[in-house]
Each structure stands twice: as structure tokens, then as C-alpha cells.
Amino acid sequence: VKSARKMLGDLRKKIASLTDWIKAIKDELNKPQAPDLADLLIDYYNARNAGAWSQKARIGNLKHFAEAVNYLTENDIATLEDLEIRIKTVSDRKEAVNDSLKAMSARKEELADLLHLADLYRETRPVYDKWKGIKWKGKRENFELEHERNLKVFQMTRRKLDKHRTPAGKIPVQAWRQELAEIQRKYPAEYEQFKPLRYDLSKLLQVKNCVDTALRQQEQAQEKRRQTEHDR
């Protein structure tokens, strides 16, 4: 009797556990299911083909459909949530790389300007030194008139370069050249990362546009059916 009661108790526990499991499965199945992207794309391209006037247009629609489905399959994107996550990830990465490229371009332009100023400074410095070394006022004024442009260029370049001098008072021309060379070396590799991200985002947004159109078509069809049932 004790053995039978124990078996019966164990059986009741198993039945209760099984009942809970069945209920959980039913609850899961009753939840609204996220639409499958492939089904939405099929609806979209069926609608496109229904309105296509030529065989060429239908073939083009089929080609675009195949490309979109292949892209989703290759990137393991099955639901609308997967698509949104992928768009966010690729978009954030693309923006980060794009910001890096912009910063590199801006710095490259700034370094090129500084090096150009340094060249002008070096070229006009002898004229300034000679002018400064003239003691006679008349001769100095004549020299100033004769070399007015070079003297103005020197003053301008010195003014702009002074704020970039090292603590030792040097113009860091060599450091600028090394930095510029490093940016020129890194930029192509960074841009190679940008190109596939730009392509991916373009494809993802194309698919999302198709999916959004298919969802609107479904909503319009459902609204039309509700309106028809209401009129009846």
C-alpha cells in the first residue's frame, strides 16, 4: 500500500509537471508571432508583379526578390526584429567608421596647411632676417618696399605657426610630416572597412522598405476585409 501510494504521488507530480508544460506550450503558440521576412517579401513582390506591365518588369522583380532573400539567408536574418537589430548594428558601425574618416580627412588637410605655412616661413625667413639686420633707416625702408610681399608672408606665417611651437620653441615640421604619412597610410584601409558597411546598410534599407510596404499592404487588406464584413 505504501509503495502504491508513493508511486501514485510521483505520478501526480509528473502529471502536474506535464500539465504545466502543455499550458506553457499553448500560451507560447497563442502569442502573436512575428511575421517571417521571407513571407513578407513574397507578398511584396507578388503585389509588384501583379502590377507589372511587361515580362521584363516581372523578371526584374524576381531578380530583386532573389537578391533580397539571398542576402537575408546569408546574414541569418529571419524576422523583423533580426532586421532592425542588424540595421542598428551596421548603421552604428558605419557612422563610427565615417566619423573616423572625416576626422582623418580634416586632420590631413590641417597638416597639409601647416606644412605649407612652414615652407613659406622657411622661404621668407632670410628676407626678414636681412631686413631686420639693416641699420640705416632709408635703406631699410627701401628694402621693405622692395620686399613688401615676402615680409608680409613671413609675418603671417609666423603668427599662425607660433601657437603650434613646441615648449622648446621649435616648429614640429618633422612630427607633422610623420603624422601626415601615417594618416595617408591608414586612410585607404579605413575606407575599405567603410565600403562593405555602406553596401550592407543600403541592402538592409532596401529590404526594410519592401517589408514596410508589405506590412502596409497587409494592413490595408485587413481593413478592407473588416469594412466589407461591416457593410454586410
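Residues numbered from 1 in each chain as written. Predicted model: local features only at pLDDT ≥ 70, side-chain atom pairs only at ≥ 80, totals over all residues. Heavy atoms only, no water.

Participant: Which residues make up the overall build of the chain, and what are the values?
Facilitator: Check the secondary structure of the chain and you find 7 helices and 0 strands. Listed N to C, the secondary structure of the chain is α-α-α-α-α-α-α in terms of helices and strands. Out of the 232 residues in the chain, the part that is buried amounts to 24%. Taking all contacts inside the chain whose residues are at least 6 apart in sequence as the whole, residues at least 24 apart take part in 75%. For the chain, the exposed area adds up to about 17200 Å²; of that, 54% sits on carbon and sulfur atoms. (Helix = DSSP H or I, 4+ residues; strand = E, 2+ residues; numbered from the N terminus. Buried < 20%, exposed > 50% of the residue type's maximum accessible area, 1.4 Å probe, protein only. Contact = heavy atoms within 4.5 Å. Areas by Shrake-Rupley, 256 points an atom, 1.4 Å probe, with all protein chains shown as cover.)

Participant: Account for the side chain of Glu-190, with residues named and values stated.
Facilitator: With respect to the helices and strands, the residue Glu-190 is situated in helix H7 (residues 173-231). No salt bridge forms around the buried Glu-190; measuring N to O, its nearest opposite-charge neighbour Arg-93 is 5.6 Å away. When neighbours within four sequence positions are excluded, Glu-190 is seen to be in contact with Val-97, Ser-100, Leu-101 and Met-104. (Lys, Arg positive; Asp, Glu negative; His and termini not counted. Salt bridge = Lys/Arg side-chain N within 4 Å of Asp/Glu carboxyl O.)

Participant: Give a description of the packing of helix H4 (residues 80-133) against helix H6 (residues 148-162) that names residues and reports values.
Facilitator: Where H4 contacts H6, the axes come no closer than 8 Å and their chain directions differ by 130°. Classified by the interaxial angle, the pair formed by H4 and H6 is oblique. Here H4 runs over H6; the crossing is left-handed. Contact residues: H4 offers Leu-114, Leu-117, Ala-118, Leu-120, Tyr-121, Thr-124, Arg-125, Val-127, Tyr-128 and Trp-131, while H6 offers Asn-150, Leu-151, Val-153, Phe-154, Gln-155, Met-156, Thr-157, Arg-158, Lys-160 and Leu-161. (Axes fitted to C-alpha atoms, helices over the stretch in contact; angles between N-to-C directions. Parallel < 35°, antiparallel > 145°, perpendicular 65-115°, else oblique. Left-handed = near helix turned anticlockwise from the far one by under 90°.)

Participant: Tell me what's going on with the environment of Leu-37, and back it up with residues and numbers.
Facilitator: Within the element layout of this structure, Leu-37 appears in helix H2 (residues 37-50). For the pair Leu-37 and Val-69, spaced 32 residues apart in the sequence, the C-alpha separation amounts to 8.6 Å. Beyond its immediate stretch of four places on either side in the chain, Leu-37 contacts Leu-72, Ile-77, Ala-78, Thr-79, Leu-80, Leu-83 and Val-211.

Participant: Describe the confidence of the model for the chain, naming the residues involved and giving the relevant values.
Facilitator: Detailed reading of the predicted model is not advised wherever pLDDT is low. In this model, the chain carries a mean pLDDT of 82, and residues with pLDDT of at least 70 account for 78%. Per-element mean pLDDT across the chain ranges from 62 in helix H1 (residues 2-30) up to 96 in H6. (pLDDT = per-residue confidence, 0-100.)

Participant: Outline H6, supporting the account with residue identities and numerical values.
Facilitator: The end-to-end C-alpha separation of H6 is 21 Å, in line with the 21 Å expected for 15 residues at 1.5 Å each. Leu-151, Val-153, Phe-154, Thr-157 and Leu-161 are the residues of H6 that are buried. The buried residues of H6 occupy an angular sector of 160° when projected down its axis, which confines them to one face. Facing away from the buried side of H6 by more than 90 degrees, the exposed set consists of Arg-149, Lys-152 and Arg-159. (Expected span 1.5 Å × (residues − 1). Arc of directions from axis to C-beta.)

Participant: Go over unusual backbone geometry, please, and point to the residues and values.
Facilitator: Phi at Asp-76 takes a positive value of approximately 55°, unusual for a residue other than glycine. Of the residues examined, Asp-76 reaches a relative accessible area of 67% and is grouped as exposed.

Participant: Please set out the pattern of salt bridges residue by residue, giving values where relevant.
Facilitator: Here the structure, examined in full by the defined rule, presents 12 salt bridges. With a closest N to O distance of 3.8 Å, Lys-94 and Glu-95 form a salt bridge. Note that Asp-119 and Arg-122 form a salt bridge whose closest N and O atoms lie 3.0 Å from each other. Note that Asp-119 and Arg-122 are positioned in helix H4 at a spacing of 3 residues, about one turn of the helix. A cluster of three or more residues bridged by salt bridges with shared partners is formed by Arg-107, Glu-110 and Glu-179.

Participant: I'd like to hear about the packing of H4 against helix H5 (residues 137-146), residue by residue, with values.
Facilitator: Orientation of H4 relative to H5, taken along the N-to-C sense of each, is 160°, at an axis distance of 9 Å. Compared by their axis directions, H4 and H5 come out roughly antiparallel. Regarding H4 and H5, the two cross each other, and that crossing is left-handed. For the pair H4 and H5, contact is made by Val-127, Lys-130, Trp-131 and Lys-132 and by Arg-140, Phe-143 and Glu-144, respectively.

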